[in-house]
Amino acid sequence: MQQKLKIAIQKSGRLYEDSVKLLKDCGIEVKNGINKLKTEAENFPLEIYFLRDDDIPQYVEDGVADIGIVGENVMYEKNKKAFIVEELGFGKCRLSIAVGRKDDYTGVGFLQGKRIATSYPILVEKFLSEKGISAEIHEISGSVEIAPGIGLADAIVDLVSSGSTLFMNGLKEVETVLKSQAVLIRNEKLGAEQLQLLDRFLFRIRAVKKAKNNKYVLLNAPNNKLQEIIALLPGMKSPTVLPLAEPGWSSVHSVLSEDRFWDIIEQLKDAGAQGILVIPIEKMII
Ligand code: ATP
Ligand code: MG
């Protein structure tokens, strides 16, 4: 029987939808996994395990799963024997220290001897000891943000994305302990067949990520401005140029990366480009 690659993803929660979407974008169909521990992909030798995110690093270390998708925050806190193979670009957040909004916080010295509530005792301890601070860490597993309000702690360390939860609880963010996103992790000792499957899977993930960071651009250019416009466009090899039905005009096609996108579009307009169309790319294989 053909070997399968076993992947652990979050059962439900903030990483679930993006994890399933990533598989789907990679052409891997997952049958609805809610309330199921495990399912098989339709068209790739992949077995999917649905677990609590906290448990994923352990399952991957033990080899129950070959690979997993988990936040860097969980990966570093659990400190298990597993490698990070790829950043996935979703589940972005930061692990931050927050104190009361009215507290006079002037630096990490404020935390000396204080009580800090968190679900991330290992990361917090490491951060504080690097700064030479000793504090009382209280580990709690959820609703950390209410700890100061009920007199359990003077400060908290928790995950933040917009900061609205902190605000609603009368807290302010004062330090970042870690910036985090979802990552693909793997067991340290995968067999040859598993490694080969992982390579195929990674090839697809990278094509999807690349496509997300790039746009397909079509525009019309007067022929006398063509050289100037082409010089602005990188393209995969070089831009495609096709004549328009109207004499003296050409259609130019190219690929632009998201980070330089607006910059280049403005320059293209200034150089005389018209009718600029921007189209998302589904996959990109170079
Ligand atoms: P589980 O039941 O699987 O243990 P959980 O309640 O621990 O779930 P979620 O709140 O679903 O976890 O978050 C999962 C991951 O999503 C976090 O570990 C983190 O990597 C990421 N994440 C992204 N943004 C945020 C945010 N604003 N707050 C919390 N986690 C976030
Ligand atoms: Mg969890």
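Report follows, based on the coordinates. Here, residues in each chain are numbered from 1, in the same order as that chain's written sequence. For naming, the first written chain is A and the first written ligand is 1, with later ones following in the order written. Given that this is a predicted model, residues contribute local features only at a pLDDT of at least 70 and side-chain atom pairs are listed and counted only at 80 or more, while totals for whole chains, interfaces and linings are drawn from all residues. Water and hydrogen atoms play no part in the side-chain values, which are based on all heavy atoms of the structure.

A look at the pattern of salt bridges
Rules: Any Lys or Arg side-chain nitrogen found within 4 Å of a carboxyl oxygen on Asp or Glu counts as a salt bridge. Accessibility here uses a 1.4 Å probe with only protein chains present; expressed as a share of the type maximum, an area under 20% marks a residue as buried, one over 50% as exposed, and anything in between as partly exposed. In DSSP terms, a helix is any run of H or I states spanning at least four residues, a strand is any run of E spanning at least two, and both are numbered starting from the N terminus.
Counted according to the given criterion, the structure contains twelve salt bridges. Close ionic contact of glutamate 47 with lysine 38 constitutes a salt bridge, the shortest N to O distance being 4.0 Å. Note on glutamate 47: relative accessible area 12%, which makes it buried. Between arginine 206 and glutamate 86 there is a salt bridge, and its shortest N-O distance comes to 2.9 Å. You can see arginine 206 sitting in helix 6 (residues 192-212) and its partner glutamate 86 sitting in strand 5 (residues 82-87), a full 120 residues away along the chain. Accessibility expressed as a relative area gives 42% for arginine 206, which makes it partly exposed.

Quick look at the sheet that holds strand 11 (residues 182-187)
The strands that make up a sheet pair up through hydrogen bonds in the backbone, lying either parallel or antiparallel. Convention followed: Pairing between two strands requires that DSSP report at least two bridges joining them. Geometry is summarised by axes, namely lines fitted to C-alpha atoms with helices restricted to the contacting stretch, and by angles between N-to-C directions that run from 0 to 180 degrees. Here a residue-residue contact requires only that any non-hydrogen atoms of the pair lie within 4.5 Å.
Read from one edge to the other, the open sheet built from six strands follows the order 2-3-1-4-11-5, with strand pairing classed as mixed. Looking at the sheet topology across the chains shown, the edges are occupied by strand 2 (38-40) and strand 5. Pairwise comparison of adjacent strand axes, ignoring direction, gives a mean angle of 30 degrees for this sheet. Two strands pair when backbone bridges link them, and strand 2 and strand 3 (residues 46-51) are joined in this way by three bridges, in the antiparallel orientation. Bridge pairing links glutamate 40 to glutamate 47 in strand 3. Each of strand 1 (5-10), strand 3 and strand 4 (67-71) touches helix 1 (residues 16-25); the most contacted strand, strand 1, lies at about 150 degrees to it.

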